[in-house]
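Each chain, written out:
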Amino acid sequence: MVKIKDILGMNARNILFLSPYNTSEGKRIANYKLLTKSTLQKAKLPIPKLYRVFREFEKIDKFNFIEKLPKSFVIKPDNSLGGEGILVIEKRGKYAGEWITTTGGKKTVSDFKLLIRDILQGRFSMKGKQDIAFIEERVRVHPVFKKVSWGGTPDIGVLVFNRIPVMAYLRLPTKESGGRANMFQGAIAAGIDMATGITTHAVKWTKPIEFFPETRRKLTGIKIPEWKNILELAIECQKAVPGLGFMRVDIVLQPSLKKKGKTFLKVLELNAQPGLKI
């Protein structure tokens, strides 16, 4: 019979698994996306291209969004949690100054400015303080995931402990999650066999799920491309941030536009407090 004292709570998790292995400096690097980017870039590890950084309100109106931005991009807060404050743009709209999101919505320059102001004011910040906004490259959906994702780019989370990849899962955006690969918003998480790189089971809202919603497309048996390289990249990320002995590396697969079948790996984020429930 399970007793209350046998349950691993959040505080116990932090004491047993995070505190002994993750330093305050390591956690700081992981908690701030731009700091993560610069740290990984110094280690010559692949990250999405950075287009623009906003630290001051007056710089927002001076930036020419129509001329300076590509047709596809992502706006992000530097210090958000759970995908809050992130806007993913798929392409330009029919009219100048109009863009289409990955979920089919329309956005204008005014929408971008409002979001960036909200970010700078700390609306999405983990600490509720003033934040930094930035615009980066949008990673396209790899062909292997197109039939089992909706409105966003799936990512692979690899948990690394002392430079050993110990667990991994594939996160798949759904209509319910608004195209975000976030499990707390309704995305699917599919466990990956570490030896083969093939999905073994899947859950949505902690409940087992066999098929992608509204389809008969199985979530098990999906072979992750570049699996060995993904694991090696996850290890290199931990080497780049030695203050994180237990971490999660979020990696995306970028299909090449020039060479068919070629895939590039890019690191989206690092997480200093990865969930153990998987």
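Every value quoted in this text rests on a predicted model; they were computed, and no experiment measured them.

Here we take up the nonpolar core. I156, I230, V249 and L270 are the most contacted members of the largest nonpolar core, which totals 38 residues. Looking at this core, the elements that each hand over two or more residues are α2 (24-31), β7 (155-161), β8 (164-172), β9 (188-192), α7 (227-240), β12 (246-255) and β13 (263-271). Sort the elements by how many residues they give to this core and α7 lands first, with 6 residues. Residues L87, W99, I116 and F124 belong to the second largest nonpolar core, which totals 19 residues.

Another point: the packing of α2 against helix α3 (residues 33-42). Orientation of α2 relative to α3, taken along the N-to-C sense of each, is 105 degrees, at an axis distance of 5 Å. Between α2 and α3, the interaxial angle falls into the category roughly perpendicular. Together, R28, I29, A30 and N31 of α2 and K33, L35, T36 and T39 of α3 make up the contact between the two elements. For the contact of α2 with α3, the class distribution of residues is 3 nonpolar, 3 polar and 2 charged.

Quick look at the environment of A30 now. If you trace the backbone, A30 turns up in helix α2. The spatial distance from the C-alpha of A30 to the C-alpha of E269 is 7.3 Å, given a sequence separation of 239 residues. Sequence-distant contacts of A30, defined by excluding residues within four places in its chain, comprise T36, L244, L270, N271 and A272.

Attention now goes to the pattern of salt bridges. What the rule picks out here adds up to 14 salt bridges. One salt bridge in this structure joins K59 and E56, with 3.4 Å as the shortest N-O distance. Here D155 makes a salt bridge to R171, at a shortest N to O gap of 2.7 Å. Here D155 is found in strand β7, whereas its partner R171 is found in strand β8, with 16 residues between them in sequence. Assessed through its relative accessible area of 9%, R171 is described here as buried. In this structure, a network of salt bridges that share partners links the residues D155, R171, R248 and D250.

What follows deals with unusual backbone geometry. Positive phi, normally seen in glycine, also occurs at K44, with a value near 60 degrees. In this fold, K44 is placed in the loop between α3 and β1 (50-54). Exposure remark for K44: the relative accessible area of 77% places this residue in the exposed category.

Our next topic: the sheet that holds strand β4 (residues 98-101). Consider a sheet: its strands pair through backbone hydrogen bonds, and that pairing is either parallel or antiparallel. Pairing is antiparallel in the open sheet, where 6 strands are placed in the order β1-β6-β2-β3-β4-β5. What marks the edges here is a single partner per strand, and that holds for β1 and β5 (106-108). Averaged over all neighbouring strand pairs, the angle between strand axes comes to 30 degrees, with direction disregarded. Pairing analysis gives 3 bridges linking β4 to β5, with the strands arranged antiparallel. In the strand pairing of β5, W99 is matched with K107.

Cut-off values and rules
Residues numbered from 1 in each chain as written. Predicted model: local features only at pLDDT ≥ 70, side-chain atom pairs only at ≥ 80, totals over all residues. Heavy atoms only, no water. Core = buried A, V, L, I, M, F, W, Y, C linked by side-chain atoms within 4.5 Å. Buried < 20%, exposed > 50% of the residue type's maximum accessible area, 1.4 Å probe, protein only. Helix = DSSP H or I, 4+ residues; strand = E, 2+ residues; numbered from the N terminus. Axes fitted to C-alpha atoms, helices over the stretch in contact; angles between N-to-C directions. Parallel < 35°, antiparallel > 145°, perpendicular 65-115°, else oblique. Contact = heavy atoms within 4.5 Å. Nonpolar A, V, L, I, M, F, W, Y, C, P; charged D, E, K, R; others polar. Salt bridge = Lys/Arg side-chain N within 4 Å of Asp/Glu carboxyl O. Pairing = 2+ DSSP bridges.

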